[in-house]
Amino acid sequence: MTKLNFDMRGYAYDSGLGVLMEGYKSASAALSADIERVKAKAADYEASDKFIGERDDDGYVVWEQSQVLDMQRETAEEALMAFRKAYAIVLYHYWEREIRTFTKSGTSADHEKLVKRAVDKGFPIDARLDAVRDLANALKHNKGEKLQASWPEVLAPGARAGQPRNWYEAIQLTDKHLAEAFEIITRSGPAIHP
């Protein structure tokens, strides 16, 4: 009988990550499109001679459409950043849950134990997995000292050298950072074809 080079755990792991990736791409694209739409409206407004807003009795501007559009853009950008941060946490937790299942580890097993058990089962672990863990922990627990050492590129430039009070705000994720985290998680579990 021919032995198949196929691992159902790898298939399940990869499939789950595929769903997460597609969900991320769709929502990220929608939020990015909202930002671009508001920027285009702002550019059109600035290029026109039209005034939309309100002036007081002395002629001073109380509010103007450009301010409204700036607030809409900022809100959409904040939503995209919050979404990226939430997905970074989701990715690490996906790895953690799946490895707990595949290694039959209880909920008390910490990161180091899970990595060891995964390696003992023959699963690959990406060398940067600790950085994804550090990112998730900094976002959840406002403790970013480890992240500062393991993945400083995800921090705003001023936060790379200092000790920000609010690590959540200091973390500035891009689509590139999320793609890197997806790759790290993909390479840190069972493979379809070991």
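Cut-off values and rules
- Residues numbered from 1 in each chain as written.
- Predicted model: local features only at pLDDT ≥ 70, side-chain atom pairs only at ≥ 80, totals over all residues.
- Heavy atoms only, no water.
- Phe/Tyr/Trp six-rings, centres within 6.5 Å; stacked < 30°, edge-to-face > 60°.
- Helix = DSSP H or I, 4+ residues; strand = E, 2+ residues; numbered from the N terminus.
- Buried < 20%, exposed > 50% of the residue type's maximum accessible area, 1.4 Å probe, protein only.
- Lys NZ or Arg CZ within 6 Å of the ring centre and 35° of its normal.
- Expected span 1.5 Å × (residues − 1).
- Contact = heavy atoms within 4.5 Å.
- Core = buried A, V, L, I, M, F, W, Y, C linked by side-chain atoms within 4.5 Å.
- Arc of directions from axis to C-beta.

**Overview of the packing of aromatic side chains**
Under the criterion given, the structure shown has 10 aromatic pairs. Taken together, a centroid distance of 6.3 Å and an interplanar angle of 40° make the contact between tyrosine 87 and phenylalanine 182 tilted. Taken together, the residues tyrosine 87 in helix 2 (residues 65–102) and phenylalanine 182 in helix 8 (residues 175–186) connect sequence positions 95 residues apart. Classification of tyrosine 87 by relative accessible area gives buried; the value is 13%. Here the aromatic residues Tyr13, Tyr94, Phe102 and Phe123 are joined through ring pairs into a cluster of three or more. Sitting above the plane of the phenylalanine 51 ring, arginine 55 keeps its charged end 4.3 Å from the centroid.

**Brief notes about helix 4 (residues 129–141)**
A rise of 1.5 Å per residue sets the reference length of helix 4, with its 13 residues, at 18 Å; its end C-alpha atoms lie 18 Å apart and thus fit the reference within 8%. For helix 4, the full list of buried residues reads Leu129, Ala131, Val132, Arg133, Asp134, Leu135, Ala136, Ala138 and Leu139. Looking at the buried side of helix 4, the elements it contacts are helix 2, helix 3 (111–120), helix 5 (145–150), helix 7 (167–170) and helix 8. Once helix 4 finishes, asparagine 142 follows within two positions and takes phi at roughly 60°, a positive value.

**Remarks on the side chain of aspartate 7**
Its place among the elements puts aspartate 7 in the segment before helix 1 (8–47). On the basis of relative accessible area, aspartate 7 is assigned to the buried category, the value being 12%. Contacts of aspartate 7, omitting those with residues within four sequence positions, involve Pro190, Ala191, Ile192 and Pro194.

**Here we look at the nonpolar core**
Counting residues in each nonpolar core, the largest one holds 46 residues, and the members touching the most others are Trp95 and Leu135. Counting residues per element, the ones that place at least two in this core are helix 1, helix 2, helix 3, helix 4, helix 7 and helix 8. Broken down by element, the residue count for this core peaks at 13 residues, all from helix 2. Discounting chain neighbours no more than four positions away, the residues touching tryptophan 95 are Tyr13, His111, Leu114, Val115, Ile125, Leu129, Ile185 and Ser188.

**Focus on unusual backbone geometry**
We note that lysine 104 has phi near 55°; this positive angle belongs to a residue other than glycine. Mapped onto the fold, lysine 104 is located in the loop between helix 2 and helix 3. Positive phi is not limited to glycine here, since asparagine 142 has a value of about 60°. Residue placement: asparagine 142 occurs in the loop between helix 4 and helix 5. Judged by relative accessible area, asparagine 142 falls into the partly exposed class, the value being 33%.

**Quick notes on helix 8**
Helix length check: helix 8, at 12 residues, gives a terminal C-alpha distance of 16 Å against a target of 16 Å (1.5 Å per residue), a fit within 8%. For helix 8, every residue scored as buried is listed here: His177, Leu178, Ala181, Phe182, Ile184 and Ile185. All buried residues of helix 8 project into a common sector of 160° when viewed along the axis, lining one side. On its buried face, helix 8 sits against helix 1, helix 2 and helix 4.

**A word on the environment of glutamate 183**
Looking at the secondary structure, you find glutamate 183 in helix 8. We classify glutamate 183 as partly exposed; its relative accessible area is 40%. For glutamate 183 and tyrosine 45, which are 138 residues apart along the polypeptide, the C-alpha to C-alpha distance reads 41 Å.

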